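Fold and contact review
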Amino acid sequence: MSETFNIKYDRDMHKGYVETSLVAPHLTEEYNFTGAKTVRVSAPITVPMNDYTRTGANRYGTPTELKDAVQELTLTQDKSFALTIDKGNSQDKNDTQDFARKMLTLQLAERAIPEFDRYALDVLCHKAGMIVGNSTALSKSNIVDRICDGTVCLDDAEIAQNNRTLFVNAAAYKLLKLSDEFVSIDKVAVEALTKGVVGKFDNMKVVKVPKGRWPENVNFIIVQKSAATAPTTIEDAKIHRDPPGVSGDLLEGRNYYDCFVIASRANGVYVEVDTSKAEICAAPEISAAGALTSTTADVQFKYTLDGSDPRYSRTAVAGQPENVQPGTTVKAYAFKAGLFDSAVTEKLI
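Heads up: these notes are all about the structure in this document. Please read these numbers as outputs of a predicted model, since none were measured by experiment.

Each helix and strand counted, the protein chain has 6 helices and 20 strands in total. Of all 349 residues assigned to the protein chain, the portion counted as buried reaches 44%. Look at the contacts in the protein chain between residues 6 or more apart in sequence, and 73% of them connect residues 24 or more apart. Summed over all atoms, the accessible surface of the protein chain reaches about 18700 Å², with 48% contributed by carbon and sulfur.

Laid out in structure tokens, this is it:
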């Protein structure tokens, strides 16, 4: 007789991405994707301060109607696996009761979770609010200064100083650990066993990421928790005992997820890129008429005219602005396949 065991709620067997991923525990869970593929996030756009005038009609300045920057977060990663285990193979291993469960655990640990982390870190690096290049190799004598440059950028952008995480690969962690300034804190030892935390530096948790999950040509990543999210809406893992056509077990799993940088908090994600091996697009120059150019060859542009960040806004348009009216603020960035995106340039026309 065929039987199916849904492993989703077996806490000893499948603890979920949020608990076993190296990345997800350090990102916000405030956005609800339950029953939805796309979630819209709105953030009001503030206006510049004026000099108060003691005479005239508009003493506080000319009123500007409130606008919202709207970001659409759409899940794109729908991954699955299927694996059969012949009953004879289980019997040969003298483990007919538990072998399928052990194999499912191995599949999640060696395939599903690393792929999730690899994807999430790649998104964080390429969609970060601050992507900074440095062609000088990291060393134990300069790594602390370089990381502190990142924290200064977050501080100057008024990003919350709590709940920051420093992601490093094993090579960078070794350099950091050998530096005189690194402080390892005993109380995180237990947490390190489940979430990859290996210490603290400058009030940030330090998470060491294996090489196979680490993005190419990236030195380190700093993320403030509220600046990004990695939702998972489907986490199915099932064992089918003796399904039709199989004498043994059929293991199936599905994971539906994604990762997003939140536009209004994008400067809470800081990435240092090794520009001796990779290139960051030069930020656009904007002419008096709104035309866009870049010193990086063959780039494409996206821009907005409503004050929102073109890297994340649903109102962003690809190409060149046309017929830009005086008093309009043009915001634009450059991008090109194989390169990291540029910073945003803005200009009041």
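Attention shifts here to the sheet that holds strand β14 (residues 269–274). Taken in spatial order, the 6 strands make up an open sheet running β5-β14-β9-β6-β8-β7, and their pairing is mixed. The open sheet has two edge strands, β5 (130–134) and β7 (197–201), and neither has a second partner. Between one strand and the next, the sheet's axes are offset by a mean angle of 20°, whatever the strand orientation. Examined bridge by bridge, strand β6 (residues 164–169) and strand β9 (residues 218–224) share 5 bridges and lie antiparallel to one another. Residue pairing in the sheet places Thr165 in a bridge with Val223 of β9.

What follows deals with the nonpolar core. Counting 34 residues, the largest nonpolar core has Leu121, Leu124, Phe167, Ile221, Val269 and Phe340 as the members making the most contacts within it. Only α3 (99–126), β8 (204–209), β9 and β14 provide two or more residues apiece to this core. Element by element, the count of residues in this core is highest for α3, at 6 residues. When near neighbours in sequence (up to four residues on either side) are disregarded, Val269 contacts Leu124, Ala128, Gly129, Met130, Ile222, Val223, Ala227, Ala228 and Val261. The next biggest cluster of nonpolar side chains, apart from the first, holds 18 residues, and it includes Met130, Val144, Phe201 and Ile222.

Turning to the packing of helix α4 (residues 143–156) against helix α5 (residues 170–178), a few remarks are in order. Contact geometry of α4 with α5 gives a least axis separation of 9 Å together with a crossing angle of 105°. Relative to α5, the element α4 lies roughly perpendicular. Only Ala172, Leu175 and Leu176 of α5 make contact with α4, whose side of the interface consists of Ile143, Val144 and Ile147.

With that settled, consider a negative patch on the surface. A contiguous patch of negative charge, built from Asp145, Asp149, Asp180 and Glu181, is present on the exposed surface. Relative to the helices and strands, Asp180 resides in the loop between α5 and α6 (189–195).

With that out of the way, let us pick up the environment of Ile239. Turning to its location among the elements, Ile239 is positioned in strand β11 (residues 232–241). Along the primary structure Ile239 and Arg101 are separated by 138 residues, whereas in three dimensions their C-alpha atoms are 7.8 Å apart.

Turning to the pattern of salt bridges, a few remarks are in order. The tally for this structure, following the rule as stated, stands at 11 salt bridges. Note that Glu272 is salt-bridged to Arg146, the shortest N-O span being 2.8 Å. Here Arg146 lies in helix α4 and Glu272 lies in strand β14, a separation of 126 residues in the sequence. Of the two residues, Glu272 and Arg146, both sit in the buried class. The partner of Asp249 in a salt bridge is Arg241, with the nearest N and O atoms 2.8 Å apart. Across this residue pair, the class does not change: Asp249 and Arg241 are buried.

Next up on the list: the side chain of Ser308. Examined against the element boundaries, Ser308 turns out to sit in the loop between β17 (300–304) and β18 (317–318). A polar contact of 2.6 Å, which involves the side chain of Ser308, links it to the side chain of Asp306. At a separation of 2.9 Å, a polar atom in the side chain of Ser308 contacts the side chain of Ser313. Contacts of Ser308, omitting those with residues within four sequence positions, involve Ile45, Ala69, Ser313, Thr315 and Lys331.

Moving on, we get to the sheet that holds strand β19 (residues 329–335). Strands sit in the order β18-β17-β19-β20 across an open sheet of 4 strands; the sheet is antiparallel. The open sheet has two free edges, formed respectively by β18 and β20 (345–348), since each of these has just one partner strand. With 2 bridges joining them, β17 and β18 adopt antiparallel strand pairing. Residue pairing for β18: Lys302 is matched across the bridge by Ala318.

Next up on the list: the packing of aromatic side chains. Taken as a whole, this structure holds 5 aromatic pairs when the rule is applied. On the basis of an interplanar angle of 70° and a centroid distance of 5.1 Å, the ring pair of Tyr52 and Tyr60 is categorised as edge-to-face. A relative accessible area of 46% places Tyr52 in the partly exposed class. Its relative accessible area of 67% is what places Tyr60 among the exposed residues. Seen from their ring centres, Phe220 and Tyr270 are 6.2 Å apart, and the 20° between their planes marks the pair as stacked. With Phe220 in strand β9 and Tyr270 in strand β14, this residue pair connects regions lying 50 residues apart in the sequence. Taken as a pair, Phe220 and Tyr270 share a single burial class, namely buried. Taken together, the ring pairs connect Phe116, Tyr119 and Tyr257 into an aromatic cluster. Above the ring of Tyr256, the side-chain terminus of Arg254 is found at 6.0 Å from the ring centroid.

Definitions and cut-offs
- Residues numbered from 1 in each chain as written.
- Predicted model: local features only at pLDDT ≥ 70, side-chain atom pairs only at ≥ 80, totals over all residues.
- Heavy atoms only, no water.
- Helix = DSSP H or I, 4+ residues; strand = E, 2+ residues; numbered from the N terminus.
- Buried < 20%, exposed > 50% of the residue type's maximum accessible area, 1.4 Å probe, protein only.
- Contact = heavy atoms within 4.5 Å.
- Areas by Shrake-Rupley, 256 points an atom, 1.4 Å probe, with all protein chains shown as cover.
- Pairing = 2+ DSSP bridges.
- Axes fitted to C-alpha atoms, helices over the stretch in contact; angles between N-to-C directions.
- Core = buried A, V, L, I, M, F, W, Y, C linked by side-chain atoms within 4.5 Å.
- Parallel < 35°, antiparallel > 145°, perpendicular 65-115°, else oblique.
- Patch = residues over 30% accessible without salt bridge, like charges linked within 9 Å, V, L, I, M, F, W, Y side chains within 5 Å.
- Salt bridge = Lys/Arg side-chain N within 4 Å of Asp/Glu carboxyl O.
- Lys, Arg positive; Asp, Glu negative; His and termini not counted.
- Charge placed at Lys NZ, Arg CZ, Asp CG, Glu CD.
- Polar contact = N/O pair within 3.5 Å; in protein donor to acceptor, adjacent residues only side chain to side chain.
- Phe/Tyr/Trp six-rings, centres within 6.5 Å; stacked < 30°, edge-to-face > 60°.
- Lys NZ or Arg CZ within 6 Å of the ring centre and 35° of its normal.

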